[in-house]
Number of protein chains: 2
Amino acid sequence: MLSEIKKENSEELKAYLESRNEEISSDIIVTVSKILEDVRKRKDEAVIAYTEKFDGIRLENYCVSEAEIDEAASHCDPFFMESMQKAKKNIEFFHNAQKQNGYLLQKEKGIYLGQRVLPLDSVGIYVPGGRAQYPSSVLMNAIPAKVAGVKRIVMITPPSKEGSLHPNIAYAAKLAGIDEIYKVGGAQGIGALAYGTQTLPPVDKIVGPGNIFVAAAKKLVFGKVDIDMIAGPSEILVVADENANPAYVASDLLSQAEHDPMASAILLTTSVSLLDAVNEELRKQTDVLPKKAIVEESMKHYGKAIVCDSIEECVNIANQIAPEHLELMVEDPMAYLGLVRHAGSVFMGYYTCESIGDYFGGTNHVLPTSGTARFSSALSVDSFIKKSSFLHYTKEAVDAYGSYIVEMGEQEDLQAHANAVKVRLK
Amino acid sequence: MLSEIKKENSEELKAYLESRNEEISSDIIVTVSKILEDVRKRKDEAVIAYTEKFDGIRLENYCVSEAEIDEAASHCDPFFMESMQKAKKNIEFFHNAQKQNGYLLQKEKGIYLGQRVLPLDSVGIYVPGGRAQYPSSVLMNAIPAKVAGVKRIVMITPPSKEGSLHPNIAYAAKLAGIDEIYKVGGAQGIGALAYGTQTLPPVDKIVGPGNIFVAAAKKLVFGKVDIDMIAGPSEILVVADENANPAYVASDLLSQAEHDPMASAILLTTSVSLLDAVNEELRKQTDVLPKKAIVEESMKHYGKAIVCDSIEECVNIANQIAPEHLELMVEDPMAYLGLVRHAGSVFMGYYTCESIGDYFGGTNHVLPTSGTARFSSALSVDSFIKKSSFLHYTKEAVDAYGSYIVEMGEQEDLQAHANAVKVRLK
């Protein structure tokens, strides 16, 4: 059941949602720092010891062989594999359009300048283990890196107690074209990716979700390597008009709520009767869900609704909140897309439930949370490239423009900057 | 004088350079946290009090009027203003080519999906005060934001003891089209930008260099707002062949060394006699520099040279180090640019000294330091946009592909994700 709040209080709702962001405690920081330091120094020896301690298995060799990957993947459901193949094609189709070119500009006096677009050399993807396994996340993290042209894509994942790899994860890794897999998780896994070990050469960037220890480790190694964003609790905001089907609205809100007791599900609508019907549907649909307890907890704290005067007003409030997922369940969604300034990903019309995008449609499901869509973007090909500029001046060009550069250097009291031009003017 | 190291030790050189990155001490973190918390709570009252404490002047109103900006800018040297105008044109010319478009892809069964490119709503630029003033940095930070389409660009800078604005900074702000200026610096300035005060509405992203307190404050507000990179000490790496002019090479190394005792200046060359001649020039040129003490300190610790067998080998070592600035002082620089995989910005040929790019050529001078060019890029139009995806499925498309999505949801044990599709298949 959604608790209704007044539209005048939308600013408070925003602050309330942002307050879910969990601070990493200093205890965790200290614990994780020690693990990282130990992995940096003792490399394999430390990795093997921490895996034994935290995952309950001693793996003298944590590099996964091709035979082991094939064996694990052979246990997958054929229809699951077919679904993943189709999803992969759609994800590639969407991300191929994100490839960028460099440019070269030419000017008078032999001046030229430009920018090159280069893929990162190597990337590490963290894939959580434990009970939950998300093969879709392997595709969402690996495919953009592949499209960007990254030559070496490494996956790490904690081993099960038996030291095995989940079949779905093994299949996803094969399908995505991952080059190396290592059975190591937690802070020790992040340390191995950042600093390298005898077994695992270091990478330049680490992406992928993990628990609080993994998040802390990623924050701590940032600077040595790049990282993706640290995601907060997941969130959906549905804007619905009076013609939206309440069963659809309810199912979409619940699909977010099942992730996490901290997940939020917000409905903005112009219709009081829709709101009532959605609440009725929520009751019915929640009852039969396997994750009913999580859903109820999440909806109790973070299931909210606001009734607005117009769809424009709904979209304005959505912009304030800058949700990770925004559904426009309205008659003509294209008429409103242009008003959306802040949203990670937008799901258009009555039939595009968020789970289509989570798995299959092609857009990326790694999205900015907690209002950060105001200034950040989904994981994309951009996340795996960098740009490098270049500039060429001839003697003639230095003769023509050198005095301006000397003036600017001297005004900033940087005489050696000015001198570098002066020696060339002689 | 450059101390020569063996090419076999280039990995150690890399580690040595990276060790310059200064850790922010926990004392500073605690001090800065308190200031930020105070600004968040007491807003203007706190800002005014900290300005009085740290900058030695009580400013009841720290918003700068247009008249005050005009008055300050009227004291600028006319040739300086002309130089800045020409630099602005070049910077715009380079950055205009970075504008990106969104895309729309259409598929069977009424499916469409795509990505929109949107400017950030608002940006704050930190401009350091004190003795040093860098009007060129105002252009380098503001112009890409302007080109990106950011509607509100705010500048903050600590006031002088008399409460005034430096003429060159005032002129640069006018020229760059900055919308609002506030006389506030330090951690309190970063707090005001991130949380907002009665005088200064908050922004979405904070860019620009500052001292260690500013850097700590930026790290702490990251997440609430976006920030640019925290820059480490500046660095130049010159690759020079036997035809390079030693006076030019020396002047370029010195232009980096004058920034900071921690700045590094590295020469990679195929010619022992060039190295000797550069060392001779360094002695001569250093002697007459106003910042001689800084230069000597920097060269003593971080002035290094490696003699290589070929220019290819020089470039390979440069890739290992991933320098902020790379000069290719060789006969045919275009022949080697394609081998450069990791460099913030590349200066091509004998005449393109780094200071041309620092001030005038058009490429951005806010560049990745400390080896982070391996995975990050210069400040650019990209720094002031975000991307938002969208996806549309029709009933027909859900009917055709829904079973794949249900399968993927169920394999991940996310029944509510599968349900959102199932209710639409009924």
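Residues numbered from 1 in each chain as written. Chains lettered and ligands numbered in written order. Predicted model: local features only at pLDDT ≥ 70, side-chain atom pairs only at ≥ 80, totals over all residues. Heavy atoms only, no water.

**Quick look at the pairing of strand β2 (residues 103-106) of chain A**
Residues and elements named next belong to chain A.
Piece 1. Burial of β2 is one-sided: the residues Y103 and L105 facing one way are buried, the residues L104 and Q106 facing the other way are not.
Piece 2. As paired elements, β2 and strand β3 (residues 112-119) share 4 bridges and run antiparallel to each other. Paired with L104 across the bridge in β3 is G114.
Piece 3. Where β2 folds back onto β3 in an antiparallel hairpin, the turn is made up of 5 residues, including K109, whose phi is positive at roughly 60°. (Buried < 20%, exposed > 50% of the residue type's maximum accessible area, 1.4 Å probe, protein only. Helix = DSSP H or I, 4+ residues; strand = E, 2+ residues; numbered from the N terminus. Pairing = 2+ DSSP bridges.)

**Digging into the relation of the copies chain B and chain A**
Piece 1. The two copies are related by a screw operation: chain B maps onto chain A through 180° of rotation and 0.0 Å of translation along the axis, at an RMSD of 0.0 Å. Both chain copies can therefore be described as sitting about a two-fold axis.
Piece 2. Of the interface residues in chain B, 100% have counterparts in chain A that sit at the interface too, so the contact is made through matching surfaces. (Least-squares fit on C-alpha atoms with pLDDT ≥ 70 in both. Contact = heavy atoms within 4.5 Å.)

**Considerations on the sheet that holds strand β4 (residues 122-126) of chain B**
All names here are of chain B.
Piece 1. Read across the sheet, 5 strands follow the order β6-β5-β4-β7-β8 without closing on themselves; strand pairing throughout is parallel. Edge strands, defined here as strands with exactly one partner in the open sheet, are β6 (180-182) and β8 (226-227).
Piece 2. Note that strand β5 (residues 152-156) and β6 share 3 bridges and pair parallel. Residue pairing across strands places M155 opposite I181, the latter belonging to β6.
Piece 3. On the sheet, helix α8 (residues 186-195) packs against β4, β5 and β7 (205-207) and is oriented at approximately 165° with respect to β5. (Axes fitted to C-alpha atoms, helices over the stretch in contact; angles between N-to-C directions.)

**With respect to the UniProt feature "binding site: Zn(2+)" (unreviewed entry) in chain A**
Residues and elements named next belong to chain A.
Piece 1. UniProt's feature table lists "binding site: Zn(2+)" (unreviewed entry) at Q256, H259, D358 and H417, given in the numbering used throughout. These annotated residues cover 162 residues of sequence, and their C-alpha atoms sit far apart, with the largest distance between any two at 55.8 Å.
Piece 2. Note on placement: Q256 falls in helix α10 (residues 246-257).
Piece 3. Apart from residues no more than four positions distant in its own chain, Q256 is found in contact with S234, E235, I236, A263, S264, E324, H325 and E354.
Piece 4. At 3.5 Å, the side chain of Q256 forms a polar contact with the backbone nitrogen of E235. (UniProt positions renumbered as here; feature names shortened; annotations may be inferred. Polar contact = N/O pair within 3.5 Å; in protein donor to acceptor, adjacent residues only side chain to side chain.)

**Focus on the pattern of salt bridges**
Residues and elements named next belong to chain A.
Piece 1. Enumeration according to the criterion identifies 50 salt bridges over all chains in this entry.
Piece 2. Salt-bridge contacts for K41 lead to E37; the nearest nitrogen and oxygen are separated by 3.4 Å. Taken together, the positions of K41 and E37, both in helix α2 (residues 26-42) and 4 residues apart, correspond to about one turn of that helix.
Piece 3. Taking relative accessible area as the criterion, K41 reaches 60% and is therefore assigned exposed.
Piece 4. Here E37 falls in the partly exposed class, since its relative accessible area comes to 31%.
Piece 5. Between K183 and E68 there is a salt bridge; the shortest N-O distance is 2.4 Å. Placement of K183 in the loop between β6 (180-182) and α8 (186-195) and of E68 in helix α4 (residues 66-73) is noted, with a sequence separation of 115 residues between them.
Piece 6. Since its relative accessible area comes to 5%, K183 is described here as buried.
Piece 7. E68 sits in the partly exposed class, given a relative accessible area of 26%.
Piece 8. Among the ionic contacts, a cluster of salt bridges with common partners joins K7, D309 and E313. (Salt bridge = Lys/Arg side-chain N within 4 Å of Asp/Glu carboxyl O.)

**Considering the packing of helix α16 (residues 395-411) of chain A against helix α5 (residues 78-96) of chain B**
Piece 1. As a packed pair, α16(A) and α5(B) sit with axes 9 Å apart at the nearest point and diverge in direction by 115°. As judged from the angle between their axes, α16(A) and α5(B) are roughly perpendicular. Crossing hand, α16(A) versus α5(B): left-handed. Note on element contacts: α5(B) touches α16(A) through F79(B), F80(B), E82(B), S83(B), M84(B), K86(B) and A87(B), opposite S403(A), Y404(A), E407(A), M408(A) and Q411(A).
Piece 2. The class makeup of the residues in the contact of α16(A) with α5(B) is 6 nonpolar, 3 polar and 3 charged. (Parallel < 35°, antiparallel > 145°, perpendicular 65-115°, else oblique. Left-handed = near helix turned anticlockwise from the far one by under 90°. Nonpolar A, V, L, I, M, F, W, Y, C, P; charged D, E, K, R; others polar.)

**Here we look at the sheet that holds strand β1 (residues 3-4) of chain B**
Piece 1. Read from one edge to the other, the open sheet built from 9 strands follows the order β2(A)-β3(A)-β14(A)-β13(B)-β12(B)-β9(B)-β10(B)-β11(B)-β1(B), with strand pairing classed as mixed. If you trace the sheet from one side to the other, it starts and ends with β2 of chain A together with β1 of chain B, each paired once.
Piece 2. Across 6 bridges, strand β9 (residues 235-240) of chain B lies against strand β10 (residues 264-269) of chain B in parallel orientation. Counted as the bridge partner of V239(B) is L268(B) from β10(B).
Piece 3. Where helix α12 (residues 292-302) of chain B meets the sheet, it contacts β10 and β11 (303-307) of chain B, and its direction lies at approximately 40° from that of β11(B).

**Details of the interface of chain B and chain A**
Piece 1. Taken together, the contacts link 112 residues of chain B with 112 residues of chain A.
Piece 2. Buried area between chain B and chain A, both sides added, is near 10,300 Å², and the carbon and sulfur share of it is 58%.
Piece 3. Linking chain B with chain A are 10 salt bridges.
Piece 4. One salt bridge connects R341(B) with D121(A), and the closest N-O pair in it is separated by 3.0 Å.
Piece 5. At the junction of chain B with chain A, the criterion picks out 80 residue pairs in polar contact (both at pLDDT 80 or more).
Piece 6. For the side of chain B that touches chain A, the class distribution of residues is 51 nonpolar, 37 polar and 24 charged.
Piece 7. Pairing of strand β13 (residues 345-348) of chain A with strand β14 (residues 385-392) of chain B, which is carried by 4 bridges, proceeds in the parallel orientation. (Buried area = accessible area lost by both parts, 1.4 Å probe.)

**Thoughts on the nonpolar core**
Piece 1. Of all hydrophobic cores here, the largest spans 91 residues; its most connected members are I178(A), L253(A) and L267(A).
Piece 2. Per element, the largest residue contribution to this core is 8 residues, and it comes from helix α6 (residues 135-148) of chain A.
Piece 3. Here L253(A) is in contact with L2(A), I236(A), V238(A), A265(A), I266(A), L267(A), V278(A) and L282(A), once residues within four sequence places are set aside.
Piece 4. Listed in part, the 64 residues of the second largest apolar core include I111(A), F80(B), I143(B) and M155(B). (Core = buried A, V, L, I, M, F, W, Y, C linked by side-chain atoms within 4.5 Å.)

**Topic: helix α13 (residues 311-321) of chain B**
One full turn of an α-helix is made of 3.6 residues, so residues set three or four places apart face in the same direction.
Residue and element names in this part refer to chain B.
Piece 1. Listed in full, the buried residues belonging to α13 are I311, C314, V315, I317, A318, N319 and I321.
Piece 2. On its buried face, α13 sits against α1 (10-18), β9, β10, β11, β12 (325-329) and α14 (334-337).
Piece 3. Immediately beyond the C-terminal end of α13, within one or two residues, lies A322, with a positive phi of roughly 50°.

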